[in-house]
Amino acid sequence: QAQLVESGGGLVQAGGSLRLSCAASGNIFSIITMDWYRQAPGKQRELVASISSGGTTNYADSVEGRFTISRDNVRNTAYLQMTDLRPEDTAIYYCYARLIPWGDVWGQGTRVTISS
């Protein structure tokens, strides 16, 4: 069984920074993609950023230029560096990965709260 474990959430003031980590563990042959999603209260879960096995990245318009996704293929870990945080970034952030041979796997989520 494979699992994803997120860490790094917390409470920061607007304009601050946080770095989220997502570590994949288990008997993993390869990782196709590692993504970060978020879900704010009363809203649908949305894709924040994604990174492919080759390093291709994509970002939501709302975070472009402020967030950076990266991954360490040796450690099977993805990171989300978040800067210039805004109150509207407040959400639970979830890590998602498509793993071989496990398929789609989600983490348990980490809460990010931005105070104004």
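All figures in this text were calculated on a predicted structure; none of them were measured in a lab. (Residues numbered from 1 in each chain as written. Predicted model: local features only at pLDDT ≥ 70, side-chain atom pairs only at ≥ 80, totals over all residues. Heavy atoms only, no water.)

## Considering the pattern of salt bridges
Working step 1: Throughout the structure, instances matching the rule amount to six salt bridges.
Working step 2: In this structure, the salt-bridge partner of Asp89 is Arg38, at a minimum N-O distance of 2.9 Å. Here Asp89 is found in the loop between strand 8 (77–82) and strand 9 (91–100), whereas its partner Arg38 is found in strand 4 (residues 30–39), with 51 residues between them in sequence. Just as Asp89 is buried, Arg38 falls in that class too.
Working step 3: Here Arg86 and Asp84 are joined by a salt bridge, their closest N and O atoms 3.8 Å apart.
Working step 4: Given a relative accessible area of 39%, Asp84 falls into the partly exposed group.
Working step 5: Counted as one network, the salt bridges with shared partners bring together Arg38, Glu46, Arg66 and Asp89. (Salt bridge = Lys/Arg side-chain N within 4 Å of Asp/Glu carboxyl O. Helix = DSSP H or I, 4+ residues; strand = E, 2+ residues; numbered from the N terminus. Buried < 20%, exposed > 50% of the residue type's maximum accessible area, 1.4 Å probe, protein only.)

## Concerning the sheet that holds strand 3 (residues 18–25)
Working step 1: The four strands are arranged 1-3-8-7 in an open sheet whose pairing can be described as antiparallel. Two strands in the sheet have a free side with no partner beyond their single neighbour: strand 1 (3–7) and strand 7 (67–72). The mean inter-strand angle of the sheet, taken between neighbouring strand axes irrespective of direction, is 15°.
Working step 2: With six bridges connecting them, strand 7 and strand 8 associate as antiparallel partners. Bridged to Arg71 within strand 8 is Ala78. (Pairing = 2+ DSSP bridges. Axes fitted to C-alpha atoms, helices over the stretch in contact; angles between N-to-C directions.)

None of this, on its own, says anything about what the molecule does.
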